[in-house]
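Analysis of the macromolecular model
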Amino acid sequence: MSGVNPLVTTGDVLTLQPCDYCIGQTVLWLKVTYVPRYANFLASRWVRLEGLELRPDGTPWRERVVMVRVQAIIDDPPARLEPGARDR
């Protein structure tokens, strides 16, 4: 299945509603910094992601480890930066 985009990759920015991540209380903007190998198996219901929490204005705030509902990522795919822009 070459050419198929993975569910989530490093550098993706997720917008997560409180019901889409464990112990969520507010909308969470997360720039993904680490994706475990199993994360792109759609059979999973939850995936553990590491990332940088962004403030509403897009500025970085703090590192987070979050359990995210896979269906939430499928329903609202991540914002992907242009190739090469991730390393800036």
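A brief report on the enclosed structure follows. (Residues numbered from 1 in each chain as written. Predicted model: local features only at pLDDT ≥ 70, side-chain atom pairs only at ≥ 80, totals over all residues. Heavy atoms only, no water.)

Moving on, we get to the environment of Q17. For Q17, the location among the structural elements is in the loop between strand 1 (13-16) and strand 2 (28-34). Here the alpha-carbon distance between Q17 and L28, two residues 11 residues apart in the chain, equals 6.5 Å. (Helix = DSSP H or I, 4+ residues; strand = E, 2+ residues; numbered from the N terminus.)

The sheet contact formed by strand 1 and strand 2 spans 4 bridges and is antiparallel. In the sheet register, T15 faces strand 2, and the bridge partner there is W29. In this sheet, strand 3 (residues 46-54) lies alongside strand 2 in antiparallel orientation, the contact comprising 5 bridges. Considered in strand 3, the bridge of W29 is made with L54. (Pairing = 2+ DSSP bridges.)

With that out of the way, let us pick up the sheet that holds strand 2. Taken together, the 4 strands give an open sheet; going across it, the order is 1-2-3-4, and neighbouring strands pair in antiparallel fashion. If you trace the sheet from one side to the other, it starts and ends with strand 1 and strand 4 (60-69), each paired once. The sheet shows a mean angle of 40° between the axes of neighbouring strands, taken without regard to direction. (Axes fitted to C-alpha atoms, helices over the stretch in contact; angles between N-to-C directions.)

Our next topic: the packing of aromatic side chains. Under the defined criterion, the tally for this structure stands at 0 aromatic pairs. Above the ring of W61, the side-chain terminus of R62 is found at 4.1 Å from the ring centroid. (Phe/Tyr/Trp six-rings, centres within 6.5 Å; stacked < 30°, edge-to-face > 60°. Lys NZ or Arg CZ within 6 Å of the ring centre and 35° of its normal.)

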